[in-house]
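# Overview (structure and organization)
The lines below spell out each chain.
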Amino acid sequence: EYQEELKYDFNIKGELRHLDTNESFVFNYYKNGREQNHKRYEVLGHFITQYVYELLERVCMLQKVYIPTDATEDEPRSFFFMSKNALTSSSCLIILLQDCGVFCAGQWGRRTIISEGLRHGTQIPFIKMLWLYNQTKPSGKHLLKCLASLER
């Protein structure tokens, strides 16, 4: 219902912007419409979650694994993300578990993503840094330097 109206996407900097106005998301779009504003926020949140999941698979090269693996369509299932070679490799292991509430794998917080962008609101910069660290195998000091650079 709000999909056409919202028209938000992430720009090259990872900031959520309106496609026509380039403005950030307006939380209180409807005056005296608390329920409508909340519904609008939930729809946007679903879009953000799906986009972050896509980035975890495409950019962070994580694999989405459904559990239990032998569940039928009518049985409850969940999923988690793990590094593609987690079960066969002894190098870098990443596992992101899903919460049962609004906190989703790969996200620090939905509102932070909306207000400050993907760099601050997701775990993606840290995952990318871990992959880089794993490839270069630098000293512990280099890892601390990489982590400090994420704070800027």
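Only a predicted model underlies this, so the values are computations on that prediction, with no experimental measurement involved.

### Topic: the side chain of T122
- With respect to the helices and strands, the residue T122 is situated in the loop between α4 (118-121) and α5 (124-136).
- Discounting residues that sit within four places of it in the chain, T122 has contacts with V52, G106, Q107, W108 and I113.

### Description of the sheet that holds strand β5 (residues 95-97)
- Overall, antiparallel pairing links the three strands, which are arranged β3-β4-β5 in an open sheet. Looking at the sheet topology across the chains shown, the edges are occupied by β3 (62-67) and β5. Shown here is a sheet whose adjacent strand axes are inclined to one another by a mean of 25°, direction ignored.
- Across six bridges, the pairing between β3 and strand β4 (residues 78-83) is antiparallel. By the bridge assignment, Q63 is partnered in β4 with M82.

### Some details on the nonpolar core
- One finds L56 and L62 to be the most contacted residues of the largest nonpolar core, which totals 27 residues.
- Where this core is concerned, the elements lending two or more residues are β1 (8-10), α2 (34-58), β4, α3 (110-116) and α5.
- Of all the elements, α2 adds the most residues to this core, at eight residues.

### Some points on unusual backbone geometry
- The peptide bond linking I67 to P68 adopts the cis configuration, its omega dihedral lying at -10°.
- In this structure, P68 sits in the loop between β3 and β4.
- The backbone phi angle of K7 is positive, close to 50°, even though this residue is not glycine.
- Note that K7 resides in the loop between α1 (3-6) and β1.
- We note that N32 has phi near 55°; this positive angle belongs to a residue other than glycine.

### What about the packing of aromatic side chains?
- With the rule as written, the count across this model stands at 12 aromatic pairs.
- Ring geometry for F10 and Y51: centres 5.1 Å apart, planes at 15°, overall stacked. Taken together, the residues span a long stretch of sequence, with F10 in strand β1 and Y51 in helix α2 at a distance of 41 residues.
- On the basis of relative accessibility, which here comes to 11%, the residue F10 falls in the buried class.
- On the numbers, 5.1 Å between centres and 90° between planes, the contact of F25 with F27 is edge-to-face.
- Of the residues examined, F25 reaches a relative accessible area of 6% and is grouped as buried.

Cut-offs and rules
- Residues numbered from 1 in each chain as written.
- Predicted model: local features only at pLDDT ≥ 70, side-chain atom pairs only at ≥ 80, totals over all residues.
- Heavy atoms only, no water.
- Helix = DSSP H or I, 4+ residues; strand = E, 2+ residues; numbered from the N terminus.
- Contact = heavy atoms within 4.5 Å.
- Pairing = 2+ DSSP bridges.
- Axes fitted to C-alpha atoms, helices over the stretch in contact; angles between N-to-C directions.
- Core = buried A, V, L, I, M, F, W, Y, C linked by side-chain atoms within 4.5 Å.
- Buried < 20%, exposed > 50% of the residue type's maximum accessible area, 1.4 Å probe, protein only.
- Phe/Tyr/Trp six-rings, centres within 6.5 Å; stacked < 30°, edge-to-face > 60°.

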